[in-house]
Amino acid sequence: MKKIVAATALIGALIGATTVQAQSFAPAKGEDALRYRQSTLFLMGQHFGVLGAMAKGDRPFDAASFAWNAKEVENFSHLPWDSFWVAGADQGKHRMKPEIFTEKDKFLGYAKQLQDETAKLVQVASGSDVAAAKAQVAATGKACGQCHDAFRVK
């Protein structure tokens, strides 16, 4: 648990200190790139889980919390992609299919769709239309799912 909190704090600080959309980053070592990617995707999933719970009614809808979590998901949606191409980042325990490397353009297209949907999520989160916010959670989840279906071992 302490490692998760530390990773969250570190990544949060990095996001706060940079303009994520304009940055490209991947650790130089394969094992670091794997951990970076997995940590980023884990944290994105945690924040998205809060949004999903609110959208389903499993958690009370809180506009401020929704907007904050939407922005975190959007920030994280820009981080992990370069780390897939670091030498050795395909080693170790992971759930990616080898098609990521043979269908790179398709994979990166899905990443771009996710980024587009998360940007829309941030937009609707800043408004007062709860139904639109909940609908955008579904659209964002669909963008995540299409990539998982194509490139993640279940």
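Residues numbered from 1 in each chain as written. Predicted model: local features only at pLDDT ≥ 70, side-chain atom pairs only at ≥ 80, totals over all residues. Heavy atoms only, no water.

K.L.:
I'd love a proper account of the packing of aromatic side chains, names of residues and values included.
P.N.:
Under the definition given, this model contains ten aromatic pairs. Considering the side-chain rings of phenylalanine 25 and tyrosine 36, the 5.2 Å spacing of their centres and the 70° angle between planes classify their relative orientation as edge-to-face. Taken together, the residues span a long stretch of sequence, with phenylalanine 25 in the loop between α1 (2–17) and α2 (30–56) and tyrosine 36 in helix α2 at a distance of eleven residues. When its relative accessible area of 47% is taken as the criterion, phenylalanine 25 is described as partly exposed. Plain terms: the ring middles of tryptophan 85 and phenylalanine 101 are 5.5 Å apart, the flat faces sit at 85° to each other, and that makes the pair edge-to-face. Taken together, the residues span a long stretch of sequence, with tryptophan 85 in the loop between α3 (63–76) and α4 (99–102) and phenylalanine 101 in helix α4 at a distance of 16 residues. Taking relative accessible area as the criterion, phenylalanine 101 reaches 35% and is therefore assigned partly exposed. Aromatic rings pair up to connect Trp81, Phe84, Trp85, Phe101, Phe107, Tyr110 and Phe151 into one cluster. (Phe/Tyr/Trp six-rings, centres within 6.5 Å; stacked < 30°, edge-to-face > 60°. Helix = DSSP H or I, 4+ residues; strand = E, 2+ residues; numbered from the N terminus. Buried < 20%, exposed > 50% of the residue type's maximum accessible area, 1.4 Å probe, protein only.)

K.L.:
Which residues make up helix α5 (residues 104–125), and what values do they have?
P.N.:
An ideal rise of 1.5 Å per residue puts 32 Å on 22 residues; α5 measures up with 31 Å between its terminal C-alpha atoms. Among all positions in α5, only Phe107, Tyr110, Ala111, Leu114, Gln115, Glu117, Thr118, Leu121 and Ala125 are buried. In this fold, the buried residues of α5 make contact with α2, α3, α4 and α6 (130–151). (Expected span 1.5 Å × (residues − 1). Contact = heavy atoms within 4.5 Å.)

K.L.:
Please give an account of the pattern of salt bridges that cites residues and values.
P.N.:
One side chain can pair with another of opposite charge once the charged atoms of both are near each other. Inspection of the entire model under this criterion finds seven salt bridges. Put simply, glutamate 74 and lysine 71 hold a salt bridge, and the shortest N to O gap is 3.0 Å. With glutamate 74 and lysine 71 both in helix α3, this residue pair falls three residues apart, about one helical turn. Judged by relative accessible area, glutamate 74 falls into the buried class, the value being 3%. (Salt bridge = Lys/Arg side-chain N within 4 Å of Asp/Glu carboxyl O.)

K.L.:
So, the confidence of the model for the protein: which residues are in play, and what are the values?
P.N.:
Per-residue pLDDT for the protein averages 88, and the proportion of residues at 70 or more is 84%. Scored below 50 in pLDDT, residues 13–22 makes ten contacts in the model with residues more than four places away or belonging to other chains. (pLDDT = per-residue confidence, 0-100.)

K.L.:
Lay out the side chain of glutamine 136 in plain terms, naming residues and giving numbers.
P.N.:
Along the chain, glutamine 136 turns up in helix α6. Exposure remark for glutamine 136: the relative accessible area of 11% places this residue in the buried category. Contact partners of glutamine 136, with chain neighbours within four places excluded, come to Glu117, Lys120, Leu121 and Val124.

K.L.:
Mind laying out the packing of α3 against α5, listing which residues take part and the relevant values?
P.N.:
At a closest axis distance of 9 Å, the pairing of α3 and α5 adopts a crossing angle of 160°. With respect to α5, the axis of α3 lies roughly antiparallel. Crossing geometry of α3 relative to α5 is assigned as left-handed. Facing Phe66, Ala67, Ala70, Lys71, Val73 and Glu74 of α3, the residues of α5 in contact are Thr118, Ala119, Leu121, Val122 and Ala125. Its residues placed into classes, the contact of α3 with α5 shows eight nonpolar, one polar and two charged. (Axes fitted to C-alpha atoms, helices over the stretch in contact; angles between N-to-C directions. Parallel < 35°, antiparallel > 145°, perpendicular 65-115°, else oblique. Left-handed = near helix turned anticlockwise from the far one by under 90°. Nonpolar A, V, L, I, M, F, W, Y, C, P; charged D, E, K, R; others polar.)

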